[in-house]
Amino acid sequence: MTLRNTILTTFVAVTTLLPGCQAQAPEAVVYSDPGTGITFDTWNVPSSSKAGGLTFGVSLPNNALKSDATDFIGYLRCTATEESAAKGWCGITLGGSMIDALLFVAYPDGDAVRTSLRFTSEYAMPGVYGGNATVKPISSTANSTGFSLIFHCQDCLHWSQGDTTGSASTSSGFLDLGYAQSVKAPTNPSCAADLKLARHDIQGTWTAMLDDHAASDSYDKWLGQAKDAVPDKCSA
Ligand code: HEM
């Protein structure tokens, strides 16, 4: 083998292996959920020494790769490294930054999984999102290894709070996303308005490439499985 070929072969081998070593490879992994039949494009955040990592996925309306969608069916699986971390929270920013983008937060509360939409213009605990968006659960699990949730997020791909507006463009073929995970349980978990979050132990952003599996003709049928969210329990 010539020197040139050796260098080329080494380059190809290294670049082929790289995606497996990267956190949050941009290419989607297709996941079909056996319980609901819903197909998602998913991206994986591997565990670190501080937190167990998470997998986030989206399923979009059938024309979303041609015309921007405003809603999606989401999949979130948050893994706990140990039982004491299983009550921690996980979050996704739908705009690639913690600030000035819609934040989706999920956490277990007993057997249930609760969610809270949040928004902030500074790097401090985000307040409750004041815009128009609705989350409805489709299915969830919570146990000592972490929690998972499939949910419909309506009006979550465009946001508006005060003078700040923004959106994600599904027709661009990718989403700018970010993740955050805390091993500490939120306080007041049963009342989203009084929720107190500990700062995340891990966070980051990634570009999530959408492939043909992200959008489906079955989207409207799958939405039929959405139910009302677990009601808040707030003390008066
Ligand atoms: C008590 C609550 C929170 C505090 C004090 C906080 C604080 C911060 C700070 C200081 C940074 C930037 C600097 C760094 O690299 O460490 C950051 C980054 C980040 N946070 Fe938060 N955060 C909170 C909640 C959240 C929530 C609820 C989410 C998502 C649902 C989130 C998502 C992110 C993401 C994705 C980044 C990296 C991207 C960026 O810098 O904008 N954070 N956070």
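As the structure is a computational prediction, the values presented were derived from the model and not from experiment. (Residues numbered from 1 in each chain as written. Predicted model: local features only at pLDDT ≥ 70, side-chain atom pairs only at ≥ 80, totals over all residues. Heavy atoms only, no water.)

**Looking at the coordination of the iron atom of the ligand**
So, step 1. Protein-derived coordination of the iron atom of the ligand comes from M98 (SD) and H200 (NE2), at a distance range of 1.9 to 2.1 Å.
So, step 2. Geometry at the iron atom of the ligand is octahedral, judged from the six donor atoms that bind it and their angles of 86 to 179° at the metal. Here M98, found in the loop between β5 (90–93) and β6 (103–109), pairs with H200, found in the loop between β13 (174–181) and β14 (202–209); they are 102 residues apart in sequence, far enough to count as distant.
So, step 3. Here H200 falls in the buried class, since its relative accessible area comes to 18%. (Donors = N, O, S within 2.8 Å, 3.2 Å for Na, K, Ca; no water. Tetrahedral: all angles 85-135°; square planar, octahedral: opposite > 155°, others 65-115°. Helix = DSSP H or I, 4+ residues; strand = E, 2+ residues; numbered from the N terminus. Buried < 20%, exposed > 50% of the residue type's maximum accessible area, 1.4 Å probe, protein only.)

**Looking at the pattern of salt bridges**
So, step 1. As enumerated under the stated definition, the model contains three salt bridges in all.
So, step 2. With its nearest N and O atoms 3.6 Å apart, the salt bridge here joins R114 to D232. Here D232 lies in the segment after α2 (219–223) and R114 lies in strand β7 (residues 112–119), a separation of 118 residues in the sequence.
So, step 3. Residue classification places R114 among the buried positions, given a relative accessible area of 5%.
So, step 4. Each of D109, R114 and D232 takes part in a single network of salt bridges with overlapping partners. (Salt bridge = Lys/Arg side-chain N within 4 Å of Asp/Glu carboxyl O.)

**Looking at the packing of aromatic side chains**
So, step 1. One pass over the structure, following the stated rule, counts nine aromatic pairs.
So, step 2. Taking 6.3 Å as the distance between ring centres and 80° as the angle between the ring planes, the aromatic pair formed by F56 and F72 counts as edge-to-face. Remark: F72 occurs in strand β4 (residues 72–79) and F56 occurs in strand β3 (residues 54–61); sequence separation between them is 16 residues.
So, step 3. Residue F56 is classed as buried on the basis of its relative accessible area, which comes to 1%.
So, step 4. By relative accessible area, F72 is classed as buried at 1%. (Phe/Tyr/Trp six-rings, centres within 6.5 Å; stacked < 30°, edge-to-face > 60°.)

**Quick look at the confidence of the model for the chain**
So, step 1. On average, the chain scores 91 in pLDDT, and the residues at 70 or more come to 89%.
So, step 2. Throughout residues 1–23 the model reports pLDDT below 50, and contacts reaching past four residues in sequence, or to other chains, amount to four contacts. (pLDDT = per-residue confidence, 0-100. Contact = heavy atoms within 4.5 Å.)

**Section: the pairing of strand β11 (residues 158–161)**
Side chains on a regular strand alternate between the two faces of the sheet.
So, step 1. Taken together, the four bridges between β11 and strand β12 (residues 164–167) define a ladder with antiparallel strand orientation. Across the sheet, residue Q161 finds its bridge partner in β12, namely T164.
So, step 2. Between β11 and β12, which pair antiparallel one after the other, the connecting turn spans two residues, and G162 there sits at a positive phi close to 60°. (Pairing = 2+ DSSP bridges.)

**Considerations on the site of the ligand**
So, step 1. Taken together, 20 residues form the shell around the ligand, and within it M98, Y123, L197, R199 and H200 come nearest.
So, step 2. The contact in question runs from an oxygen atom of the ligand to an N or O atom on the side chain of S97, over 3.5 Å.
So, step 3. Elements that contribute at least two residues to the shell around the ligand include exactly β5, β6, β13 and β14.
So, step 4. Class assignment for the residues of the shell around the ligand results in twelve nonpolar, seven polar and one charged. (Near = heavy atom within 4 Å. Polar contact = N/O pair within 3.5 Å; in protein donor to acceptor, adjacent residues only side chain to side chain. Nonpolar A, V, L, I, M, F, W, Y, C, P; charged D, E, K, R; others polar.)

**Some details on the side chain of R118**
So, step 1. For R118, the location among the structural elements is in strand β7.
So, step 2. Among buried charged residues, R118 stands out as having no salt bridge; its nearest opposite-charge side chain is D194, 7.9 Å away.
So, step 3. Among the polar contacts made by the side chain of R118, one reaches the main-chain carbonyl oxygen of P126 at a distance of 3.0 Å.
So, step 4. Apart from the residues lying within four places of it in its own chain, the contact partners of R118 are A101, L102, L103, V105, M125, P126, G127, V128, Y129, A192 and L195. (Lys, Arg positive; Asp, Glu negative; His and termini not counted.)

**Quick notes on the pairing of β4**
So, step 1. Of all eight residues in β4, six are buried; the element is thus mostly enclosed.
So, step 2. Bridge analysis of β3 against β4 gives six bridges, and the strand direction is antiparallel. Bridge assignment links S59 to a residue of β4, and that residue is I73.
So, step 3. Pairing of β4 with strand β10 (residues 146–154) involves eight bridges; the strand directions are antiparallel. If you follow I73 over to β10, its bridge partner there is H152.

**Looking at the side chain of S116**
So, step 1. With respect to the helices and strands, the residue S116 is situated in strand β7.
So, step 2. At 2.9 Å, the side chain of S116 forms a polar contact with the side chain of R118.
So, step 3. Filtering out sequence-adjacent residues up to four positions away, S116 remains in contact with L103, F104, V105, A192 and L195.

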